[in-house]
Amino acid sequence: MKAVLLSLALATLGLAACSPPPEAEKVVNVYTARHYDSDLVLYERFTRETGVKVNRIEGKADELVARMRAEGQASPADLFIAADAGALWRAQEAGLFQPVTSETLTSRVPPSLREPEGAWYGFSRRARVVAYDAGKVKPEEIDDYAKLAGPRFRGKICVRSSDSIYNLSLVGALIEAWGPQRAQAWVQGVVANMARPPEGGDRDQIRAVAAGVCEIAITNSYYYLRMASGEDPADKAVTERVKLAFPSLDGKGAHMNVAGAGVVRTAPNRDNAVRLLEFLTSAEAQTHISASNFEFPVSPDVAAPESLRDLAAVPAHPMSVAAFAARQPEAQTAMSSAGWR
Ligand code: FE
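Everything numeric in this text was worked out from a predicted model, so none of it was measured. (Residues numbered from 1 in each chain as written. Predicted model: local features only at pLDDT ≥ 70, side-chain atom pairs only at ≥ 80, totals over all residues. Heavy atoms only, no water.)

On to the overall build of the protein, then. Counting secondary structure elements, the protein contains 15 helices and eight strands. Reported as C-alpha extents along the three principal axes, the dimensions of the protein are approximately 90 × 40 × 35 Å. The buried share of the protein, reckoned over its 341 residues, is 54%. Expressed as a percentage of contacts within the protein between residues at least 6 apart in sequence, the contacts between residues at least 24 apart total 77%. For the protein, the accessible area works out to roughly 14,900 Å², and carbon and sulfur atoms hold 55% of it. Here the protein contributes 38 positive and 40 negative side-chain charges, whose respective centroids are spaced 3 Å apart. (Helix = DSSP H or I, 4+ residues; strand = E, 2+ residues; numbered from the N terminus. Buried < 20%, exposed > 50% of the residue type's maximum accessible area, 1.4 Å probe, protein only. Contact = heavy atoms within 4.5 Å. Areas by Shrake-Rupley, 256 points an atom, 1.4 Å probe, with all protein chains shown as cover. Lys, Arg positive; Asp, Glu negative; His and termini not counted. Charge placed at Lys NZ, Arg CZ, Asp CG, Glu CD.)

Right under this line is the structure:
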């Protein structure tokens, strides 16, 4: 018995010695600021379809950008993924992307939801909107972003701090739409309207509305929708009292941001990075992200899941996400000077 095993082992060794060296493993190294388990499912599907293994490093967008800068030419990063156009713009400004032109990408992602030169592409949409106490606030009082800064809401708004990139992008969009002076006045109005100094994340603002701390909260749409889905019974109860409204900017629709990705300039596995980026914009991936994280597809040709269909169809302001993303330094100045901490 022992002899048979030994000869089998030798035979295996012999075979290995005669066969060509194994092909280098196909990989793509992803630096991602998205922290959803549902993204892992997508990467697994990508690997199954392409044979390309996805290595993932997760962190805050700014930390990942700093890391890529420190790594320089030696960085293993192939694809950088972030949850806000502003974060993608920061990476672009740091010279970390290479432009990618791909018929697949440009046909799937509308021009307003990607960087014009192909530095990065959005693959899901998220609206920054308003959650409100349905017992105290009438929907027509919050149907326009401009109204949030008015005297009706003095001491009634909950919103997170000015280092939230979501807020910087919203204010950037107002600067893009209105010019710096009117946007500055809006920022001052919102600061005057705050019920408390900013603290916590978007979900905390929604919970504060239910607790009576404020009447309205500025939040990304998916946080509310995730709470309303019933994952957590206490959060679900919050959404019975607190409702979600989609204000309009100049009557053209809600402020729309994206999660997206760009191929890193020094990507050692560039082709695999482009493949993964294309995969993330596929109908399959858009549908998955929409269904699992309550974001909206970027492509008008991809249907949102049944439960989100009405909201996904709410008018979205046509402003280019790249345009407001580039306005964050001005937004930061406006918010700091107004005392938005
Ligand atoms: Fe978020």
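Back to the text.
This paragraph deals with the confidence of the model for the protein. Across the protein, the average pLDDT comes to 93, with 93% of residues at 70 or higher. Contacts from residues 1-18, a stretch scored under 50 in pLDDT, to residues over four places away or in other chains number zero contacts. (pLDDT = per-residue confidence, 0-100.)

Most of strand β8 (residues 256-263) sits out of view: eight of its eight residues are buried. Neither face of β8 is left uncovered, since the one carrying Met 256, Val 258, Gly 260 and Gly 262 and the one carrying Asn 257, Ala 259, Ala 261 and Val 263 both have all their residues buried. Where strand β3 (residues 79-82) and β8 come together, four bridges link them in antiparallel fashion. Across the sheet, Leu 79 pairs through a bridge with Val 263, a residue of β8. Alignment of strand β4 (residues 121-133) against β8, held across six bridges, turns out to be antiparallel. Of the residues in β8, the one forming a bridge with Ser 124 is Ala 259. (Pairing = 2+ DSSP bridges.)

We now examine empty space enclosed by the protein. This model, assessed by the stated rule, comprises one cavity of 30 Å³ or more. The space that makes up the largest cavity amounts to roughly 50 Å³. Contributing to the lining of the largest cavity are Ala 173, Leu 249, His 255, Met 256, His 317, Met 319 and Phe 324. Here the lining of the largest cavity is built from residues that sort into five nonpolar, two polar and no charged. (1 Å grid on protein atoms, 1.4 Å probe; cavity = no way out; pocket = protein on both sides within 12 Å on 5 of 7 lines; lining within 4 Å. Points joined across faces, edges and corners; volume = space filled by probe spheres on them. Nonpolar A, V, L, I, M, F, W, Y, C, P; charged D, E, K, R; others polar.)

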